[in-house]
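Inside the fold
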Amino acid sequence: MTAVLIDGKAVAARVRATLKDEVAAFTAATGIQPGLATVLVGGDPASEVYVASKRKSSVAVGLADLHQHLPEDATQQQVEELLHRLAADPAVSGILLQLPVPAHLDAAPLIELIPFEKDVDGLTTMSVGLLAQNKPGLRPCTPSGVIELLDAYDVPIEGANVVVIGRSELVGRPVAQLLVNRNATVTITHSRTKDLAAVCRTADIIVAAVGVKGLVTADFVKSGAAVIDVGIHRGPEGLSGDVDFAPAAEVAGFITPVPGGVGPMTIAMLLGNTLRAAQLQHSLASASASASASA
Ligand code: NAP
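Residues numbered from 1 in each chain as written. Predicted model: local features only at pLDDT ≥ 70, side-chain atom pairs only at ≥ 80, totals over all residues. Heavy atoms only, no water.

Description of the overall build of the protein
Tallying secondary structure elements over the protein gives 10 helices and 12 strands in all. Radius of gyration (C-alpha) of the protein: 20 Å, near the 19 Å computed for a compact globule of 295 residues. Reported as C-alpha extents along the three principal axes, the dimensions of the protein are approximately 60 × 45 × 35 Å. The buried share among the 295 residues of the protein stands at 46%. Partitioning the contacts of the protein with sequence separation of at least 6, the portion at a separation of at least 24 is 70%. Counting every atom, the protein has about 13500 Å² of accessible surface; 57% of that belongs to carbon and sulfur. Looking at charge distribution, the protein has the averaged site of its 21 positive side-chain charges lying 3 Å from that of its 29 negative ones. (Helix = DSSP H or I, 4+ residues; strand = E, 2+ residues; numbered from the N terminus. Rg over C-alpha atoms; globule rule 2.2 N^0.38 Å. Buried < 20%, exposed > 50% of the residue type's maximum accessible area, 1.4 Å probe, protein only. Contact = heavy atoms within 4.5 Å. Areas by Shrake-Rupley, 256 points an atom, 1.4 Å probe, with all protein chains shown as cover. Lys, Arg positive; Asp, Glu negative; His and termini not counted. Charge placed at Lys NZ, Arg CZ, Asp CG, Glu CD.)

Some remarks on the packing of helix 6 (residues 141-152) against helix 7 (residues 172-181)
Relative to each other, helix 6 and helix 7 sit at 45°, their axes nearing to 8 Å. Considered as vectors, helix 6 and helix 7 are oriented oblique to each other. Note that helix 6 runs across helix 7; the crossing there is right-handed. Residues P143, S144, V146, I147 and L150 of helix 6 pack against P174, V175, L178 and L179 of helix 7. Looking at the contact of helix 6 with helix 7, its residues break down into eight nonpolar, one polar and no charged. (Axes fitted to C-alpha atoms, helices over the stretch in contact; angles between N-to-C directions. Parallel < 35°, antiparallel > 145°, perpendicular 65-115°, else oblique. Left-handed = near helix turned anticlockwise from the far one by under 90°. Nonpolar A, V, L, I, M, F, W, Y, C, P; charged D, E, K, R; others polar.)

With respect to the site of the ligand
Taken together, 21 residues surround the ligand, and among them R167, S168, S191, V230 and T266 come closest. In the environment of the ligand, an oxygen atom lies 2.7 Å from a nitrogen or oxygen atom belonging to the side chain of R167. Take V230: an N or O atom from its main chain is 3.4 Å from an oxygen atom of the ligand. Looking at side-chain class alone, the shell around the ligand contains 11 nonpolar, nine polar and one charged residues. (Near = heavy atom within 4 Å. Polar contact = N/O pair within 3.5 Å; in protein donor to acceptor, adjacent residues only side chain to side chain.)

Observations concerning the environment of P109
By the element assignment, P109 lies in helix 4 (residues 107-111). On the accessibility criterion, P109 (36% relative accessible area) is partly exposed. The spatial distance from the C-alpha of P109 to the C-alpha of Q76 is 9.5 Å, given a sequence separation of 33 residues.

Quick look at helix 7
For helix 7, the complete set of buried residues consists of G172, P174, V175, A176, L178 and L179. Among the residues trailing helix 7, N183 stands out with phi positive, at a value near 70°.

Things to note about the sheet that holds strand 1 (residues 4-5)
Reading across from one edge, 1-12-9-8-6-7 is the order of the six strands in this open sheet, with parallel pairing throughout. For this open sheet the edge positions go to strand 1 and strand 7 (185-189), each flanked by a neighbour on one side alone. Of the pairings in the sheet, the one linking strand 6 (residues 161-165) to strand 8 (residues 205-208) comprises four bridges and is parallel in character. Pairing of V162 across the sheet is with I205, part of strand 8. Against the sheet, helix 7 engages strand 6, strand 7 and strand 8, with an angle of about 170° to strand 6. (Pairing = 2+ DSSP bridges.)

Focus on the UniProt feature "domain: Tetrahydrofolate dehydrogenase/cyclohydrolase catalytic" (unreviewed entry) in the protein
Summarizing the sequence annotation, UniProt attributes the feature "domain: Tetrahydrofolate dehydrogenase/cyclohydrolase catalytic" (unreviewed entry) to residues 6-121 in the numbering used throughout. Annotation note: span residues 6-121, helix share 49%, strand share 14%, distance between end C-alpha atoms 24 Å. (UniProt positions renumbered as here; feature names shortened; annotations may be inferred.)

Laid out in structure tokens, this is it:
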């Protein structure tokens, strides 16, 4: 392998260690312990594992675990009531509605009930708009993790030609937006893109968020390019990604493995968003208090 291996586990551990200090400093300065309310509806086994991991990681950096669990047969109205309550609760800094919700529920209007300053997943229309306008706000976790990995390995973003494969709301679109905001020249590709390999060969950075195992072969990769693999596929031989790793690593300059690349970054960025959410709410509350004092 000639590429430098981007070690997401190590970067995520560094991010979490820094955050632990930042959370302690924020709590000491304000008396506020930031709290994350994960909301799980039902008992989907994969979601239970993800939520348990988010809760454990939150506590490890000093955040309060404000987890909420509703039964599988919870109604839309019950979930709405819970989200309204969490939105109004000053102890709750961040709200994360674990997706997917059971099939009888409509996730989109539920997500919109999360106020932008508590939207630690960065998925509400308001957060998407703030990102599109490059205004301060909470950014989606996996895309932020991609940027953090590139920065951790000093891969230049400004002026780079980037090809993002995938245009989902969860990954492709926001990662493209974050890269544009960092002055990259970004091409977004998808299932209708013609000659994807040729488009990818123009890239200094490829971000693969496709959900097709091994789609990105060595033939897609320009010599020395950075290849970030967001894909996750479970198979009999374990986890793998959207990139055909071993051959691509012979051509790339930098590459993320699966597992151990982008995956560990997602939770680390969620924890960071929860602290940022608490900071944002604190500054909004201070601004409103000083406005009413001077009125
Ligand atoms: P998604 O919603 O299914 O979107 C996939 C995108 O890829 C779509 O835009 C689709 O194009 C495009 N696409 C599909 N087949 C293609 C092809 N043959 N050539 C070019 N483009 C193609 O998936 P997602 O939610 O973005 O997730 C993508 C992958 O990332 C999945 O493997 C998922 O498990 C993984 N993931 C990982 C993390 C993490 O923490 N590491 C987080 C989220 C997701 P159209 O728009 O034209 O249909």
